[in-house]
Structures are given as C-alpha cells and as structure tokens.
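# Secondary and tertiary structure notes
Chain by chain, the residues run as shown.
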Amino acid sequence: MKYTLIVLLTYAAVMLGITVFLTKKENNIERFCVGNRNTGWMVSALSIAATWIWAPALFTSTENAYTKGFAGLFWFLVPNVLCLILFIPFAKKIRKEMPEGITLSGYMYEKYHSKAVRNIYLFQLSTLSVLSTGVQLLAGSKILSMLTRIPFVAMTVIMAVIAFSYSQFSGIKASILTDAVQMVLMLVISIGFVVFSVKNGGGLETLVTGLGGATGNARALFSNKGWEIFLGFGLPTMIGLISGPFGDQCFWQRAFCVKKDRIGRAFLVGALLFGIVPLSMGLLGFIGAGIGYVAEDTGVVNFELICTLLPAWMVIPFLFMIVSGLLSTIDSNLCAISSLTTDIFKEKTLKKTKFVMILLLVFGIVVANIPDLTVTHLFLIYGTLRAATLLPTIFTLKGIKLKPQGIVTGIISALLIGLPIFGYGNIQGIAIYKTMGSLLTVILSGVVALAISRKRGIQNG
C-alpha cells in the first residue's frame, strides 16, 4: 500500500516539477493550445506515441494475446500502428490549408461556414474526450485502488487532479514535454518486463507455446478460430483504430504544433515507438498462456502475471508505466478540450478554457464509475464513435466538396443507426451486430453526405 502511494506521489511531483521548471506559465490562449507551432519532431514523436497509448494499449493488448492468441494481438497491434502512418498525409494537408488553425472542428467550419457542421464535430470530438478520459480513469483506478485500498471513486478523483495540476500550467507545452518523459519510461519498463518474463517464464519456448492463447487454438489468422476472432473483434477494432486519429482532436492539435516540415517524420516515428509497448504487453500475455496461467481477471492479467513471474519490487516500475500511460492520455485530452473551447466561446479566455478542462474530468469520473463497465467495452464504443466523422473529414481534406446538410445528416445517421447496433452487439457479445454496427457507422456518414451533396449539385473540387 505505502509503496503504491509513494509511486503516485513521486509521479505527480516529477511531472509537476518538469512542467514548472522547464516550461513557462502560459497566459496566451493560442500558445496554450498549440505552442509556437515549431515543436521538434523527436519530442513530438514521443508525445504522439504516449498519447496513443490509451488504457487498451496497456491492458487490452495483454488480454487479447492471453485469451485470443496471436490472432487477437495481431488485429489489435497492426491497425494501431498503421492508423498513425495513414494519418500523415492528412495531417500535412490540414496544416498546409490552415497554417494558423487549432482544431479539426475549426477547419471544417472554415471550409463550410456552417455552425451545424462545426457543432456536430464539436459534439463528436468532445464526447470522445469524455469517454477516453473515463476509460483511462477506470483502468488506472481499478489497479491502484486494489493496491492502496483507497476507494475506487476517490482514486479516480486523485488521478484526475494529478493530470490537471500540470496540464493547466502551460497547456500543450506541458502535455508534450511530460508525454515525452512518460514515453521513455514506458519503453524502458515494457522492454524490461519482456526480458525478465521470458527468463523467469520458461524461455522463448514458452512464449511460442502461448501464441495459441489460453485456449491453444488461436495461433493462425485464417483458421476457423482466427476468422471468428477477426469478425467478432478484429474487424470492429480495425475500423475503430483506423478512424482513431481522424476523430481525435489530440492528434490534429499535434499536427498544428510540430514544425511544419517535420510532421511526417514525427507521426511515423511516433507510430513505431508506440508499437513497442503493446507488443511487449502482448508478449507477456503469450508467456502467461504458455505456462498455463489461469487468470482471475483477464482485464488485468498483465498485472497478475507480473506479480506471479517477477520479483515483488517490479510491481513498482509497472505502476509507473501504468500511471504514465493513462495520465499521458488524460493530459492530452485536457489539452484537446481546451483547444475546442476556441470554437465554443466567442470571448476566448484561459479562465473559461480551464473551467472546461475541469468539466471534462468531472464527466470522465462519472463515466469511470458506471457499474459493470469494462475497459474493452468502452474502447470498442469510442472507437466506433470516432468512425462517425471519418469519411466526411477525408473527403473534405481530399478536396471533395460536400453540402453542410449532407455532412450533418450523414454523421447523425451514423450515430443513430450504426452506433446503437454496435453497442447492442458489444453488450450482448454478438459478433455480427458488432461488425454491422462498425461498418454502418463508417459507411453511412460518407454515403449519406455524398448522396445529399450530389443531389444538390455539388461537384468535386
């Protein structure tokens, strides 16, 4: 108990110290949101990687490797890396077309001069920030509460306060700098876990044995079991992940922050660095399956395996990694929501911006405390939510002009039809509904937007 509290307090002190001593308290709202627009590519890459390490990268990767074997980890890991690479040309394009921009919703407003388009994007981006913050608080507090005996609700509040303490000081500069430090920690610790786990878990032979997962029959991608995993988990996951950066203000915000001629390099290196962490956590899951470990709670099987296979003191670096991974995303969400306030309020002030940051944390705490909600459920739901704006965003950035009514109707159709079908399938565990819901969420927004736009005589730009 006391060691966990020491880890948490040390983490908070280090991040706040880095922020206070290495950045300047920011009083200008534009610099609070996008800095000086000349952040270096390496620190940006580390920040992009850390921001993309949501709770699923740390927990779901191990859970899927353990329960679904190689097929489960493959369909989680590969789209996770590819989505950041596929995002590169669009990040370059938005920066070229709107060099003084701050948000995706602001870009869409500039293109269509429609408050309805701006508002539907604000709704999607803001809701995603709430759900993302909720899942980070849920995952982190679950373990930290168990170790410290501090009530779960209180732990969600503690984590929220820590993230806010340094994020509100200098905004995006604090987020990017602390993200970089957090990512270095996560890389070192996750690689160390694999090395020690292989050594203590029976060697590479055990790891290879575990490629089939706990059931032993999920090794091949295109076996009957492999197809079952693809349809029930892989396809909806892939749709949600590929949509990920496109529907997340955190990444558009970083596209506006990094040096203009280093955007591609920052996102490419960030994608590769990110991949190391879920891969390492996945290998841990294979080792657990290979030694025949029976998990008490598959959602935190990585923690159980570390406690089982490794010396007791290694729980401490694990906690540092968990706290780093989860809070790096929370502080990025805080900066994302702060940037969205520039589209919400006519009179832009830091006081309003910081108030909205606090509101985000309050809503995130509420989401985290919904009974019987799991990390994987939330991950799949907000992954599908991101897909609702994917095609209208891509069409616009590719120069295909749409009608505002088409964009709004398309996104609403996706949210009202695709998302509920997916949600039902997700809650009931019915693969066909999850797949249909994911596909409908992506397709409806694009098809409806195009159909209405063409009906009104809009041509490609």
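Preceding this paragraph is the structure being described.
What this report covers is the structure whose coordinates are included nearby. The residue count restarts for each chain, going from 1 along the sequence in the order it is written. For a predicted model such as this one, the threshold for reporting local features is a pLDDT of at least 70, and the threshold for listing and counting side-chain atom pairs is 80 or more; totals across whole chains, interfaces and linings nevertheless cover every residue. Side-chain descriptors were evaluated using all non-hydrogen atoms of the structure, hydrogens and water having been removed beforehand.

Let us look at the packing of helix H5 (residues 60–86) against helix H6 (residues 88–97). The contact between H5 and H6 brings their axes to 4 Å, and the two run at 30°. As far as their axial angle goes, H6 and H5 are roughly parallel. For the pair H5 and H6, contact is made by Leu84, Ile85 and Leu86 and by Ile88, Pro89 and Phe90, respectively. Residues of the contact of H5 with H6, tallied by class, amount to six nonpolar, no polar and no charged. Here an angle of 0 to 180 degrees is reported between the N-to-C directions of two axes, which are lines fitted to C-alpha atoms, with helices fitted over the stretch in contact. Numbering of helices and strands runs from the N terminus; a helix is a DSSP stretch of H or I covering at least four residues, while a strand is a stretch of E covering at least two. What sets the label is the angle itself: under 35 degrees gives roughly parallel, over 145 gives roughly antiparallel, 65 to 115 gives roughly perpendicular, and the rest give oblique. Throughout, a residue-residue contact means that at least one pair of heavy atoms, one from each residue, lies within 4.5 Å. Side-chain classes are defined by residue name, with Ala, Val, Leu, Ile, Met, Phe, Trp, Tyr, Cys and Pro counting as nonpolar, Asp, Glu, Lys and Arg as charged, and the others, Gly among them, as polar.

With that settled, the discussion passes to helix H17 (residues 350–368). Any helix carries an expected span of 1.5 Å times its number of residues minus one. Across its 19 residues, H17 extends 27 Å between first and last C-alpha, which sits within 8% of the 27 Å expected from 1.5 Å per residue. Only protein chains enter the calculation, and the probe is 1.4 Å; a residue is then buried if its accessible area is under 20% of its type maximum, exposed if over 50%, and partly exposed in between. Regarding H17, the residues found buried are Leu350, Thr353, Lys354, Val356, Met357, Leu360, Leu361, Gly364, Ile365, Val367 and Ala368.

Further remarks concern unusual backbone geometry. The backbone phi angle of Arg37 is positive, close to 65°, even though this residue is not glycine. Phi at His113 is positive, roughly 50°, even though this residue is not glycine.

Before going further, it helps to examine the nonpolar core. In a soluble, globular protein the nonpolar side chains are often hidden away together inside. Nine residue types can take part in a nonpolar core, namely buried Ala, Val, Leu, Ile, Met, Phe, Trp, Tyr and Cys, and a core is a set of them joined through side-chain atoms within 4.5 Å. In this structure, Met183, Phe193, Phe267 and Leu327 are the most contacted members of the largest nonpolar core, which totals 152 residues. Beyond its immediate sequence surroundings of up to four residues, Phe267 is in contact with Ile48, Leu84, Phe87, Ile88, Ala91, Phe251 and Ala255.

Time to look at the packing of helix H7 (residues 104–112) against helix H8 (residues 115–148). Where H7 contacts H8, the axes come no closer than 8 Å and their chain directions differ by 165°. One element, H7, and the other, H8, form an angle in the roughly antiparallel class. The element H7 and its partner H8 pack so that their crossing is right-handed. Facing Leu104, Ser105, Met108, Tyr109 and Tyr112 of H7, the residues of H8 in contact are Lys115, Val117, Arg118, Tyr121, Leu122 and Leu125. For the contact of H7 with H8, the residue count by class is eight nonpolar, one polar and two charged. The handedness criterion is simple: a crossing whose near helix is rotated anticlockwise from the far helix by less than a right angle is left-handed, and one whose near helix is rotated clockwise is right-handed.

That's the geometry; what it means functionally is another story.
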